[in-house]
Structure formats: C-alpha cells, structure tokens
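Tertiary structure, described
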Amino acid sequence: MSHADKESQMNADGQNGVGATQTTTATTAVAADMAEVNTRIEELRQQIREAEHAYFVLDNPLLSDAQFDALVRELRSLEEAYPELITPDSPTQRVSGEASSIFSKFRHPTPMLSLANVRTPDELRAWQQRAQRQLPHATFDYVCEPKIDGLSMNLIYEHGRLIYGITRGDGAIGEDVTPNVRTIKDIPHQLHASEQYPVPDRIEIRGEIYMLRENFEALNARLEEEATKAGTTPRLFANARNSAAGSLRQKDPQVTASRPLSFLAYQIGLIEGAAEPESQEDVLRHLQAWGFPVSPLARHVQTLEEAQAYCDERQAQRFDVPYDIDGAVIKINARWQQQELGVVARDPRWAIAYKFAPVETNTKLLDIVITVGRTGALIPNARLQPVQLGGITVSNATLFNFDEVARKDLRIGDTVVVQRHGDVIPGIVKAIPELRDGTEQPWTPPTECPVCHAPVLREDGVVAYCTNAQCPAQRLERVRHFVSKGAMDIRGLGSEIVARLIDAGLVHDVADIYSLTEEQLLALPGFQKKSASNLLTSIANSKRRPFPAVLFALGIRYVGEKAAEIIAEGFRSMEAVLAATPDQIAALQGIGPTVAESLHQWGEQQTNRDLIARLVAAGLQLSLPDGPATTVSPENAPFAGQTFLLTGSLAELTRGQAEQAIVALGGKIAPSVTKSLSHLIVGEAAGSKLEKAEKLNVPIHDEAWLVERLREHNAMPAERKRL
Ligand code: IVH
C-alpha cells in the first residue's frame, strides 16, 4: 500500500462515524499500519546511515545519488505523515540533510551566502538592471571569476593563525573539519604579513575546496585497485566534486592528507583589526598577498558586455581548465555598492552565478553488459554508440547496479541522454521513450551469472552476486588477485597466462599453482624451457611471502592488505584465525564487524579449510615465525587423530615435506614406535623402528601409500625432493 493510500484510508475510517467494534478494528488496523510504517521507517534510516557511512567514511558509495535521494525522500514523506515516529537520531533531523555526525557543528561568525543563478544573457542583463534601479546613479564595474565546482569553505584566522576550517553546512552552521583542512597544502597555517597587507586580528576567508580532474581520476584508479585487492566492489566517485567532498569529510585526517585536495580563495567574511578591502579586485589582491591561491582566470571588466563575453569564453573553454567549473560568477566590484545593494534571503544582490548548460547529447544504448568481479559482484555497464561529448569520445557508462537500470527503464536500442559534468565517466540521464520505434528490447537483470549460470543473489538488496564460488570469472579474478604484487607477488604469471592455465584445466584454485610442473607448462603454447623455469622459480620464491601477504592473497571479501596485516599480527597463525569467533576478530583494533563476519564465514567452509591445508602442505607461510604452525581444524582433517612415524630414506619427498604435509592434514608425528602408533612409513634402509613396529602389530606402509594419501587430499607438495 502506498503512503497516499494509507492516508486516504485513515481519513475514510475517521469520517465514517464508525461504531464501537468497528472503531476497535479500525484502531487495530491503524496500529498495525503504524507498526508496518515504523518498520519501513527504521529500514530506511538504516539504509541511509549505511549509505552515508559507505560514502563519507569508507568512501565507497553504495548507491547512486538518485537512489540515495529516493530513500531520503521516502523517509521524509513517511515522517511527515507520521510525525510521532520521528526520532532525534533520524537522518532527516540533521542540518540541511548534510550527512555524517562525526564532526561537531560550528556556527559561522557571519553567514555564508549563496548565489542566485542566471542562464542566459537576458537574465544576466535583468540582474544588472535590478541593481541599477536600486542605485540609479552608480556606474558599475565587475570582477568575473570561474565558478568552481567544489565545496565552499570558511577559514577562520586569528592573528594570522589558522584556527578553524568549517564547511558551509546550511550557511549558518557548518561542520568543524579543521584537522582535515590543515592537511591541504594550498591553505596557509599562517598568513603572510606585509606592510601593505597587514594581517587582521580576526578574519574569515572563503573559498572553494576542489580536486583537479587528473587527481580525481588517479584517486578513482587507486580506489578501484584497492577495492579489487580487498575483494570488494569498487565504488568510485562519480565526479571530482563528490571526490573532494568525500575526501574532506574523513574521520581520519591522514586519509584527507593522502587525498590531493586544492583550494582557491575568493571572498572575505568578517574582518576585524584591519581595513576592509575596497573592492572585489582588492579582496583578491589581499588574499594573494596573505598567501592564498586565487584564480588566474579572474578578470576585472568595466561593462556588462565584457562580463557576458567572459561567461561565453569560460563556457567555450570549460574543459580546457584542469578542474571542473560549472559557471562563472559576476561580482559588482565596489565594496560600497555591494553594501548598498545588500542581500535578499541568502543571496547578495551584488553577485550572480552564470550557470553553464550541462553538456549532454543523445546516443544509442547498444547493449548492457555485465562484468563479474572476484567476489562475484555483477555490475551492469552501458555500451553506447560512440559520441563526442565535451571533448571526449564516450562509448561506455556505468549503470551502478540493476536497480538503476530498472529505475530508468532503459531498453536496449533506446536513444538515451548522456551527460557530462566534467565527469570522466559520463552518466545516462534518461531514455527518451518518444523516440522508441518498437524494436527496443527491455532488459531483464540476469537471474543467473552470465559466465557460469549459477543463480544470482541480491544480498544487500542492491548489489547482485553470482553465488557460485567456482564461477570461472570469479576463479580467474581470484587467481589474478592471488598472484598480484601486494599478495603472493608471482612474477611472470600475468592475466593471460592465468587464463590459459585455467582453460587448460591445470589450475582450478590458487593451491594448484604450487603443483604446476615444467612438463605441464611446456605443453602450453608460448612456454619455452627458460620461461617455464623462470615461472616455477618465482612460484617457489612466493612461498617465502610472509603470513599477512598470504592472508591478503586469499582474496577474502573485505580482507584488504591492511586488514590482513592487523589480523595476522593479532592471531599469529591461520589456525588461530580459523578458530576465532567473529567477536574475537572484531575485537582487533581497526577491524570492523563486516570484515570479521566475512572472514569467519570464509573459514567455516570446508573447501576453504582444505585449501589452507594444501597451501600449508605446499610450504606457504600461514603463521608468523613465532606463531603456532597452522594445521586444519582437528575434527575435520583427513588425518585427524592419527599418528605417523617415518623411518628410512624416502625417494619422492624429503622428510620435512612429508611431515609438514601430514601435519597439514591433521596428523601428528610420533616421537617413537609405540603400540598406539597409527602408521609407520618406511623408506629405504629402514632399521630398528621397522622391527619394533612389526612386533607391536603397527600398520606399516611404504612411501607410495603415503604419496597416494597426500594426493588424494591434494596435499602433495608442488616442489618434490631434488635428486
Ligand atoms: S562567491 C557572496 N565566488 O558557488 C559570496 N562563490 O552558488 C558567495 N563558488 O557557495 C560566494 N566559485 O561554493 C563565489 N568564484 C566564486 C565561486 C563561488 C564557486 C561556489 C560557492 C558558493 C556557491 C554559490
């Protein structure tokens, strides 16, 4: 039932003059309704909080802006209809819908104003005429500036020292992000004083925090790489503005410090203990003298025609600037005129934003293709008929997730509007249904994985996953991750070769890498004796990689490089990790419940425990040097409860390899022959132990028996004894 339906039903119940029993029924119905609404409200709040946390704290947007807005809208309308259900901690109760409660609120000493917009020369002229009517005898000159698409910042300096950095918020109250602001190189901690430009006692400096397009692209590339390594779906910033905002609003200033943010100053708020600059031109001179970057594109002009020409020029050269600008700002220059003109609502009458039309064009949606990541996340991507847009050729657009496709009702063959706000990856704004000719094909999200045909699971409601851990696409991604640089760092095992090994049936999982032989490699196209032996050497070398790298290499969802390090340090061995409860894992500093739960679930699966056993058998480091050696959990291991003793010299394995493999499968090495010994393994020239075992009726086996058992459990070391 929609919200509107509920309301009309409630009104009808109230107006019908119902009798006692009916009233009870109606009240019960309303109460049931309320309970249902409350559940929905709580669900929405939870989703919004998670999305905000993902966006602002983890920097990994879970939802598109449109999806997020839809949740907030639904929550608002429910709360409007049922105000008694509003709680103080609801996301709607925060100032101006600004997310995140991790920063404290701060009232700006003087309000931060915004700007009215115009979009056409006529509207610009109308703005000027209004000002002229108010000051009929004045002659205006103007300062024209680019309108930088970032986030506005209020910097408060006392006696030249930076004291606070406050976000705009709702203009009256912002958030205190001072420690983060201090990490931005363009922002001086101390104002530069000079004779002509002395430092005021107290001053508010206003400007824009933004990110250069190339830095934004590099950041997204880095986030993508990190997400791939951590086994999470890369969730990237849609544009430089979001990326600047997300980078500034970090809990940990060190994260902000690692983000390349820039700053341009353009305005002064309060000023105490120094003369106020006489014009906007003078403001910019002061800002520059105090040590702030100001826009080199700012221009002082005498007439409105020149201001209009400036706007046209900015629009034409929009993509030639290394950061995103979404318009021009025209400011009446003289301070006294500004003061006379004053402010309406929040907008000064003396300044106006001339907004650019968004760059958009139409093209055809040729196809929607799905990519499958290592963790099985299915991401839809739009293939577009290539089209020129703002200086680049656009042929792809990300569609985020299945819901986004459904929401926009995109059909294959549709004419779609693609838009670019300076974004690198353009967005599909909408389809144009009027241009359909009936041949368009609706797109149904796959219910099975396009690669392995396993069923798809919509785990968190939005992102869809392939449920088959053996999916070739996932398998390929897992092996690629395993051999990658921060992980096992196996040189010479590039994606191409991994794919070939998988196709040839030589590698099903990462442990198989350690049983590859020279003959097998030589049988593959492209391998020579030298390249095969080089590869085997780097595979063998990878066994020296420390435990944290191995843990990371396993590609467990959410267990990134950093988390793997913390977990390895905390538990010292894989055995201890596998024995830990989620709470014990989450108790580690820096590890959250999501990571802990994911790791625990991974360890619960027998195939994964078997995999660990085989990696141990292959000789990988699954503990830190002083940690207990890793075996598989005793109750499930194939050799659990059995004791072994080796005697004589073995042919195929070294004593160490054999013992390690036995231990890995849960067996124990006995110190001597006793009646309770489960197996004596005899090699060449066995002596007294054999005699004793025969006497005590202990089962006796040759090496071949052991090798066969180890093979059976995939625990045969890859590197055999060197003869
Ligand atoms: S002046 C009266 N100058 O645009 C002072 N704002 O829509 C108002 N902006 O919140 C600001 N570049 O974040 C001004 N050169 C510029 C600007 C600029 C970008 C932003 C600023 C402001 C918003 C108003």
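Starting afresh in each chain, residues are numbered from 1 along the sequence in its written order. Selection of residues for local features in this predicted model requires a pLDDT of at least 70, selection of side-chain atom pairs for listing and counting requires 80 or more, and totals for whole chains, interfaces and linings are taken over all residues. Only heavy atoms go into the side-chain values, all of them from the structure, while hydrogens and water stay out.

A few words on the overall build of the protein. Every helix listed is a DSSP run of H or I at least four residues long, and every strand listed is a run of E at least two residues long, numbered separately from the N terminus. In terms of helices and strands, the protein carries 25 helices and 26 strands. The proportion of buried residues among the 723 residues of the protein is 48%. Contact between two residues is taken to exist if any of their heavy atoms lie within 4.5 Å; hydrogens are not considered. For the protein, contacts bridging at least 24 residues in sequence account for 68% of all contacts bridging at least 6. In these tables, accessible area is a Shrake-Rupley quantity obtained with a 1.4 Å probe, and a residue counts as shielded only by the protein chains included in the view. Carbon and sulfur atoms make up 51% of the accessible area of the protein, which amounts to about 33800 Å² in all. A simple rule labels every residue: compare its accessible area, found with a 1.4 Å probe on the protein chains alone, to the largest value its type can have, and call it buried under 20%, exposed over 50%, or partly exposed in between.

So, about the pattern of salt bridges. Note on definitions: salt bridges are taken to be side-chain nitrogens of Lys or Arg within 4 Å of carboxyl oxygens of Asp or Glu. Considering all chains together, one arrives at 30 salt bridges under this definition. Where E204 meets R206, a salt bridge forms, and the shortest distance between an N and an O atom there is 3.0 Å. You'll find E204 and R206 in the same group, each marked buried.

Before going further, it helps to examine the sheet that holds strand β7 (residues 202-210). A pair of strands counts as paired when DSSP detects no fewer than two bridges linking them. Reading across from one edge, β5-β4-β7-β8 is the order of the four strands in this open sheet, with antiparallel pairing throughout. Across the chains shown, the open sheet's two edge strands, defined by having one partner strand only, are β5 (161-167) and β8 (262-272). Going from strand to strand, the sheet's axes swing by 25° on average, the running direction of each strand aside. Where β7 meets β8, eight bridges bridge the pair, whose relative direction is antiparallel. Of the residues in β8, the one forming a bridge with R206 is Q267. Each axis is a line fitted through C-alpha atoms, and for a helix only the stretch in contact is used; angles between axes span 0 to 180 degrees, taken between their N-to-C directions. Across the sheet, helix α7 (residues 240-248) is in contact with β4 (151-158), β5 and β7; its angle to β4 comes to roughly 40°. Helix α9 (residues 280-290) rests against β7 and β8 of the sheet, and its axis sits at about 110° to β8.

If a single non-hydrogen atom of a residue is within 4 Å of a molecule or strand, that residue counts as near it. The environment of the ligand is formed by 15 residues, the closest being E145, S152, E208, Y266 and K331. Between an oxygen atom of the ligand and a side-chain N or O atom of E208, the distance comes to 2.7 Å. One nitrogen or oxygen atom from the side chain of K331 is found 2.9 Å from a nitrogen atom belonging to the ligand. Computed on the free molecule, the ligand has an accessible area of 520 Å², of which 89% lies beneath the protein chains in the complex. Elements with a contribution of two residues or more to the shell around the ligand: β3 (142-148), β8 and β10 (325-332). With four residues, β3 is the single largest residue contributor to the shell around the ligand. Only Asp, Glu, Lys and Arg are considered charged in this grouping, and only Ala, Val, Leu, Ile, Met, Phe, Trp, Tyr, Cys and Pro are considered nonpolar; every other residue, Gly among them, is considered polar. By residue class, the composition of the shell around the ligand is eight nonpolar, two polar and five charged. Within 3.5 Å is the distance limit for a polar contact, defined as a pair of N or O atoms, with the added protein rule that one can donate a hydrogen and the other accept it, and that residues adjacent in sequence qualify only through two side-chain atoms.

In this scheme Phe, Tyr and Trp rings, the latter by its six-membered ring, pair at centre separations within 6.5 Å, and the angle between planes marks the pair as stacked below 30 degrees, edge-to-face above 60, and tilted otherwise. Here the structure, examined in full by the defined rule, presents eight aromatic pairs. Here the guanidinium or amino end of R557 rests over the ring plane of Y465, the centre of that ring lying 4.2 Å away. Only when the NZ of Lys or the CZ of Arg is both within 6 Å of the ring centre and within 35 degrees of the ring normal is a charge said to sit over the ring.

Attention now goes to the nonpolar core. Nonpolar side chains in soluble globular proteins generally cluster together in the buried interior. Remark: nonpolar core denotes a set of buried residues (Ala, Val, Leu, Ile, Met, Phe, Trp, Tyr, Cys) joined through side-chain atoms within 4.5 Å. Residues I513, Y514, I567 and M574 are the most contacted members of the largest nonpolar core, which totals 73 residues. In this structure, L191, L219, I268 and V294 belong to the second largest nonpolar core, which totals 36 residues.

Let's shift gears to unusual backbone geometry. Even without being glycine, A345 reaches a positive phi, approximately 50°. Relative to the helices and strands, A345 resides in the loop between β11 (343-344) and β12 (347-348). Relative accessible area serves as the criterion here: at 79%, A345 is assigned to the exposed category. Its identity is not glycine, yet R572 carries a phi of approximately 70°, on the positive side. For R572, the position within the fold is in the loop between α18 (561-571) and α19 (574-579).

Glancing now at empty space enclosed by the protein. In this analysis the probe radius is 1.4 Å and the grid spacing 1 Å, with only protein atoms considered; a cavity is a set of points the probe fits into but cannot get out of, a pocket is an open set with protein on both sides within 12 Å along at least five of seven lines, and lining residues have an atom within 4 Å of a point. Grid points are joined across faces, edges and corners, and a volume is the space filled by probe spheres set on the points. Tallying each qualifying case throughout the model produces four cavities of 30 Å³ or more. Space inside the largest cavity adds up to approximately 60 Å³. Every residue lining the largest cavity is listed: E145, P146, I148, L264, A265, Y266, L284, V294, S295 and A298. Among the secondary structure elements, those contributing two or more residues to the lining of the largest cavity are β3 and β8.

Glancing now at helix α14 (residues 495-503). Every buried residue belonging to α14 is among I497, V498, L501 and I502, and all of these are buried. For α14, the buried positions fall inside an angular range of 140° around the axis, keeping them on one side. Pointing more than 90 degrees away from the buried face of α14 are the exposed residues E496 and D503. Directions drawn from the helix axis to the C-beta atoms are what define this arc.

Next up on the list: the sheet that holds strand β2 (residues 117-118). Strand order in the open sheet formed by five strands is β2-β13-β10-β3-β9, with mixed pairing between adjacent strands. Edge positions in the sheet fall to β2 and β9 (299-301), since each has one partner strand and no second. Alignment of β2 against strand β13 (residues 351-355), held across two bridges, turns out to be parallel. Counterpart to N117 in the pairing with β13 is A353. Of the strands in this sheet, β2, β3, β10 and β13 touch helix α4 (residues 121-134), which is tilted by about 175° from β13. Lying over the sheet, α9 contacts β3, β9 and β10, oriented at roughly 55° with respect to β3.

Here, two cysteine sulfur atoms that lie within 2.5 Å of each other are counted as a disulfide. Applying the stated criterion to the full structure yields zero disulfides. With no disulfide of its own, C452 lies closest to C466 among cysteine sulfurs, the gap being 3.6 Å.

This paragraph deals with the confidence of the model for the protein. Any region with low pLDDT has predicted coordinates that should not be read closely. A residue-level look at the protein finds 87% of positions with pLDDT of 70 or above and a mean pLDDT of 84. Think of pLDDT as the predictor's per-residue confidence, scored from 0 to 100. This stretch, residues 1-29, has a pLDDT under 50; its non-local contacts, to residues over four places away or in other chains, come to 16 contacts. Note that pLDDT drops below 50 for residues 95-100; the model gives that stretch 19 contacts with residues more than four away or on any other chain.

Within the sequence span of helix α23 (residues 655-664), burial applies to Q657, A658, A661, I662 and A664. Considered in projection along α23, the buried side chains sweep an arc of 165° and stay on one side of the axis. Of the surrounding secondary structure, the elements contacted by the buried residues of α23 are α22 (606-618), β23 (643-647), β24 (668-669) and α25 (703-712). Just past α23, the residue G666 takes up positive phi, approximately 95°.

Buried residues dominate β7, accounting for eight of its nine residues. The sheet contact formed by β4 and β7 spans eight bridges and is antiparallel. Note on β7: the bridge partner recorded for S152 is E208.

Within β3, six of the seven residues are buried, which leaves it mostly tucked inside the rest of the structure. Sheet analysis places β3 next to β9, joined by three bridges and oriented antiparallel. Following the sheet pairing, Y142 is matched in β9 by V301. In this structure, β3 lies alongside β10, joined through seven bridges in antiparallel fashion. The residue bridging P146 from the neighbouring strand is A328, located in β10.

Their axes nearest at 5 Å, the elements helix α21 (residues 593-604) and α22 cross at an angle of 80°. With respect to α22, the element α21 is oriented roughly perpendicular. Here W602, G603 and E604 of α21 come into contact with α22, specifically with Q606, N608, R609, L611 and I612. Counted by class, the contact of α21 with α22 contains three nonpolar, three polar and two charged residues. Roughly parallel means an angle under 35 degrees; roughly antiparallel, over 145; roughly perpendicular, 65 to 115; everything else is oblique.

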